[in-house]
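# Analysis of the macromolecular model
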Amino acid sequence: MRQEIDKIKIKEPPIEELNKQRSCLKSSCATGCGCFTILFIISILLLKFSFGPTSKELKDLPENFTNKIPIYDVNNIEKISHTSGKEKSTKIERTAFLPKLVLSPFIIYFDKNNKYIPRTKPENEKMTNIDKLISFMQKPLSDERDIYKIEWIELDATQDFLLEYYKTELKKKGFEIGQESDNKDIKEFTFSENAENITGVLYTVDNQDTKYTDYMSVTVNVPSD
């Protein structure tokens, strides 16, 4: 009996086979990660290079804008720029569709508190994975508000007068004024109006060697019409 047991040989997998299996596993992981990385890089490049300039220069500001935002010295405005929020958002969503789709299973699994996936059903009703997928894919990645930027150069008024003018006039319109940042030559402050989801920033530059305010801009984010 002992001799029969001795005749039995326990055959272990060759070292080469084990190494081959490990190599295959590593190769599969590397391939998966590599594909995801390549997809991510391609998406970033598309986001960077597929967008042409979306800002357009305007001759005049629309009336619905001037009714909400006070405008100083209309006749001496140097430049008015407008960026369409809808156009910008559409381009981003089209480019980001595939990366969002790839990431969606991970987001659906880990987002337990609806931080990234908005609820589309009542609190007492459970959202299925399909509901979550649709909600995640439909959630905008960018701010869809329009952006207006009004610029002035070499204003006769002092920097402090311009800041005080805008603070006073914006408060009359119901805006909240943020804290003013005060550097040597640059002064700016933010403003917001929550009811209509309007935010903005007033930016001024005053070189102490000149007798005028060198530059002022008002940049405002407003909901698209």
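As a starting point, this report considers the structure included with it. (Residues numbered from 1 in each chain as written. Predicted model: local features only at pLDDT ≥ 70, side-chain atom pairs only at ≥ 80, totals over all residues. Heavy atoms only, no water.)

## Here's the deal with the overall build of the protein chain
To keep things clear, this is the line we draw: Numbering of helices and strands runs from the N terminus, with a helix taken as a DSSP run of H or I at least four residues long and a strand as a DSSP run of E at least two residues long. In this description, contact between two residues means that some pair of their heavy atoms is separated by no more than 4.5 Å. Accessible areas in this description were obtained via Shrake-Rupley with a 1.4 Å probe; residue shielding takes into account the shown protein chains only.
Counting secondary structure elements, the protein chain contains six helices and eight strands. Listing every helix and strand of the protein chain by position from the N terminus yields α-α-β-α-β-α-α-β-α-β-β-β-β-β. Put simply, of all contacts in the protein chain between residues at least 6 apart along the chain, 63% involve residues at least 24 apart. With an accessible surface of roughly 15,900 Å², the protein chain has 55% of that area assigned to carbon and sulfur atoms.

## Brief notes about a nonpolar patch on the surface
Here is the rule we go by: Two distance rules govern patches: like charges are joined within 9 Å, and nonpolar side chains (Val, Leu, Ile, Met, Phe, Trp, Tyr) within 5 Å, applied only to residues with over 30% relative accessible area and no salt bridge. For this document, the term salt bridge refers to a Lys or Arg side-chain nitrogen within 4 Å of an Asp or Glu carboxyl oxygen.
On the surface, Leu103, Phe106, Tyr109 and Phe110 cluster together into a nonpolar patch covering about 480 Å² of accessible area. You can see tyrosine 109 is positioned in helix α4 (residues 85-110).

## Focus: unusual backbone geometry
Even without glycine at this site, glutamate 154 takes up a positive phi of about 55 degrees. Mapped onto the elements, glutamate 154 comes out in strand β3 (residues 146-155). Unusually for a residue other than glycine, asparagine 197 sits at a positive phi of about 55 degrees. Within the secondary structure, asparagine 197 sits in the loop between β6 (186-193) and β7 (198-205).

## Some words on the packing of aromatic side chains
What counts is decided by this rule: Stacked, tilted and edge-to-face are the three classes assigned to paired rings of Phe, Tyr and Trp, where Trp is represented by its six-membered ring and a pair needs centres within 6.5 Å; plane angles under 30 degrees give stacked, over 60 edge-to-face, the rest tilted.
With the rule as written, the count across this model stands at eight aromatic pairs. Through a chain of ring-to-ring contacts, the aromatic side chains of Tyr72, Phe161, Tyr165 and Tyr166 assemble into a single cluster.

## Some words on the environment of lysine 211
Within the secondary structure, lysine 211 sits in the loop between β7 and β8 (213-222). Separated by 55 residues in the primary sequence, lysine 211 and aspartate 156 have C-alpha atoms spaced 7.9 Å apart.

## Here we look at the environment of glutamate 196
Rules: Residue burial is assigned from relative accessible area. The probe radius is 1.4 Å, only protein chains are included, and a residue is buried under 20% of its type maximum, exposed over 50%, and partly exposed in between.
Following the sequence through the fold, glutamate 196 ends up in the loop between β6 and β7. Residue class for glutamate 196 comes out partly exposed when judged on its relative accessible area of 38%. With 128 residues separating them in the primary sequence, glutamate 196 and lysine 68 have C-alpha atoms 9.9 Å apart. Apart from residues no more than four positions distant in its own chain, glutamate 196 is found in contact with Lys68 and Pro223.

## A few points about the side chain of serine 217
Residue position: serine 217 is located in strand β8. Judged by its relative accessible area of 4%, serine 217 is buried. Not counting residues within four places of it along the chain, the set of residues in contact with serine 217 comprises Lys149, Ile150, Glu151, Val201, Leu202 and Tyr203.

## Notes on the pattern of salt bridges
All chains considered together, the criterion is met by four salt bridges. Measuring nitrogen to oxygen at the nearest pair gives 3.5 Å for the salt bridge that ties lysine 68 to glutamate 196. Here lysine 68 is found in the loop between α3 (63-66) and β2 (79-83), whereas its partner glutamate 196 is found in the loop between β6 and β7, with 128 residues between them in sequence. In this structure lysine 68 comes out as partly exposed when scored by relative accessible area, which is 28%.

Any functional reading would require information that these geometric values do not contain.
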